[in-house]
Amino acid sequence: MAFELPPLPYAFDALEPHIDAKTMEIHHDRHHGTYVTNLNGAIEKHPELAGKSVDELLRDINSVPDDVRTVVRNHGGGHANHSLFWVTMKAGGGGEPSGTLADALKSTFGDFSSFKDTLSKAAIGQFGSGWGWLVKDGSGKLQVVAKPNQDSPLMEGLTPLLGVDVWEHAYYLKYQNKRPDYVAAWWNTINWDEVAKRFSA
Ligand code: MN
């Protein structure tokens with residue numbers, strides 16, 4: 001069974017005015033679509049990998065055969081990262097989480113505003129293309145990390161809970177070179193229920 005592009009769980013314009021409809025359409029249909037196509041190309045060369053989920057492939061990236069490892073890292077990473085990105089945003093999102101996730105953020109970062117500042121700085125400071133992430137480590141502890149390109153936190157044994165894509169394709173049409181403005185706007189799209197679900201899983 002080949003990997004498939006998951007449908008966007010809302011309309012292209014659902015995140016307006018924070019993220020514009022044209023960016024969402026190109027980002028989902030073409031960029032994410034290409035990651036899925038190229039990941040499937042790698043799996044076709046190694047049918048023994050076909051039963052695995054993309055998360056499994058990334059968690060054990062060193063066991064992926066040499067000739068397709070970079071493709072799985074980049075395009076499998078792209079597929080996994082974007083699959084999470086779409087569902088952790090929603091129309092009318094933003095605000096602050098509640099419950100055990102809110103408690104954990106407070107205990108790790110001091111308060112929500114310090115967490116927000118830490119993740120924003122990591123994302124804005126990522127040189128070139130990449131992502132800023134809120135992750136959970138093996139003991140359940142939260143961390144903020146920045147990763148280049150489509151490198152998935154899964155490759156380091158970390159579980160991604162929330163990520164902000166800072167590739168230019170994620171914001172250039174509306175924000176051009178103003179990455180900080182895009183990151184600030186992205187906070188208004190977050191689906192905290194989905195992030196909390198992943199934290200508790
Ligand atoms: Mn992207």
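Residues numbered from 1 in each chain as written. Predicted model: local features only at pLDDT ≥ 70, side-chain atom pairs only at ≥ 80, totals over all residues. Heavy atoms only, no water.

## Things to note about the domain arrangement of the protein chain
- According to the domain assignment, the protein chain contains domain 1 (21-87) and domain 2 (99-200).
- For domain 1 and domain 2, the distance between their C-alpha centres works out to 20 Å.
- The interface is formed by 19 residues belonging to domain 1 together with 24 residues belonging to domain 2.
- For the pair domain 1 and domain 2, the two sides together bury roughly 1,800 Å², of which 62% comes from carbon and sulfur.
- Of all residues in domain 1, the largest losses of buried area upon contact with domain 2 belong to Asn81, Leu84 and Phe85, amounting jointly to 33% of the total for that side.
- Counting the contacts that link domain 1 with domain 2 gives 1 salt bridge.
- Its salt-bridge partner being Arg73, residue Asp151 comes within 2.9 Å of it at the nearest N-O pair.
- At the junction of domain 1 and domain 2, the tally comes to 8 residue pairs in polar contact (both at pLDDT 80 or more).
- When residues of the side of domain 1 that touches domain 2 are traced back to their parent elements, those giving at least two are α1 (21-45), α2 (54-59) and α3 (66-87).
- Considering each element in turn, the side of domain 1 that touches domain 2 owes the most residues, 9 residues, to α3. (Domains from an automatic or database assignment. Contact = heavy atoms within 4.5 Å. Buried area = accessible area lost by both parts, 1.4 Å probe. Salt bridge = Lys/Arg side-chain N within 4 Å of Asp/Glu carboxyl O. Polar contact = N/O pair within 3.5 Å; in protein donor to acceptor, adjacent residues only side chain to side chain. Helix = DSSP H or I, 4+ residues; strand = E, 2+ residues; numbered from the N terminus.)

## Quick look at the sheet that holds strand β2 (residues 142-148)
- The sheet built from 3 strands is open, its strands ordered β2-β1-β3 with antiparallel pairing. The two strands at the open ends of the sheet, each matched to only one other strand, are β2 and β3 (159-165). Averaged over neighbouring strand pairs, the angle between their axes works out to 25 degrees when direction is ignored.
- Where strand β1 (residues 130-136) and β2 come together, 7 bridges link them in antiparallel fashion. Within the sheet, the bridge partner assigned to Leu134 lies in β2 and is Val144.
- Each of β1 and β2 touches helix α4 (residues 99-109); the most contacted strand, β2, lies at about 80 degrees to it. (Pairing = 2+ DSSP bridges. Axes fitted to C-alpha atoms, helices over the stretch in contact; angles between N-to-C directions.)

## Looking at α1
- Helix length check: α1, at 25 residues, gives a terminal C-alpha distance of 36 Å against a target of 36 Å (1.5 Å per residue), a fit within 8%.
- Of all the bends in α1, the greatest, near 30 degrees, is centred on His27. (Expected span 1.5 Å × (residues − 1). Bend = angle between axes of the 7 residues up to and from the residue.)

## Concerning the coordination of the manganese ion
- Taken together, the protein donors to the manganese ion comprise His27 (NE2), His82 (NE2), Asp165 (OD) and His169 (NE2), at separations of 2.0 to 2.1 Å.
- Site description for the manganese ion: donor spacing in sequence, H-x54-H-x82-D-x3-H. Linking His82 in helix α3 with His169 in the loop between β3 and α6 (172-175), this pair joins segments that are 87 residues apart in sequence.
- Note on His82: relative accessible area 0%, which makes it buried. (Donors = N, O, S within 2.8 Å, 3.2 Å for Na, K, Ca; no water. Buried < 20%, exposed > 50% of the residue type's maximum accessible area, 1.4 Å probe, protein only.)

## Some thoughts on the pairing of β3
- Of all the 7 residues making up β3, 6 are buried; the element is thus mostly covered by neighbouring parts of the structure.
- By the bridge criterion, 6 bridges tie β1 to β3 in an arrangement that is antiparallel. The residue bridging Leu134 from the neighbouring strand is Leu162, located in β3.

## Things to note about the pattern of salt bridges
- A full pass over the atoms with the stated rule returns 7 salt bridges.
- Between Lys121 and Asp117 there is a salt bridge; the shortest N-O distance is 3.1 Å. Here the residue Lys121 and the residue Asp117 both occupy positions in helix α5 (residues 112-125), the gap between them amounting to 4 residues, near one helical turn.
- Salt bridges here are not isolated pairs; linked through shared partners, they connect Glu194, Lys197 and Arg198.

## What to know about the packing of α5 against helix α7 (residues 179-186)
- Look at α5 against α7: their axes get within 10 Å of each other, and the N-to-C directions meet at 145 degrees. Handedness of the α5/α7 crossing: right-handed. Counting all contacts with α5, which are made through Leu119, Ser120, Ala123 and Ile124, the residues of α7 involved are Arg179, Pro180, Val183 and Trp186. (Left-handed = near helix turned anticlockwise from the far one by under 90°.)

## Description of the packing of α4 against helix α8 (residues 192-200)
- Interaxial distance between α4 and α8 falls to 8 Å at its minimum, and their mutual angle equals 80 degrees. Classified by the angle between their axes, α4 and α8 sit roughly perpendicular to one another. Residue-level contacts link Thr100, Leu101 and Ala104 of α4 to Trp192, Val195, Ala196, Phe199 and Ser200 of α8.
- Counted by class, the contact of α4 with α8 contains 6 nonpolar, 2 polar and no charged residues. (Parallel < 35°, antiparallel > 145°, perpendicular 65-115°, else oblique. Nonpolar A, V, L, I, M, F, W, Y, C, P; charged D, E, K, R; others polar.)

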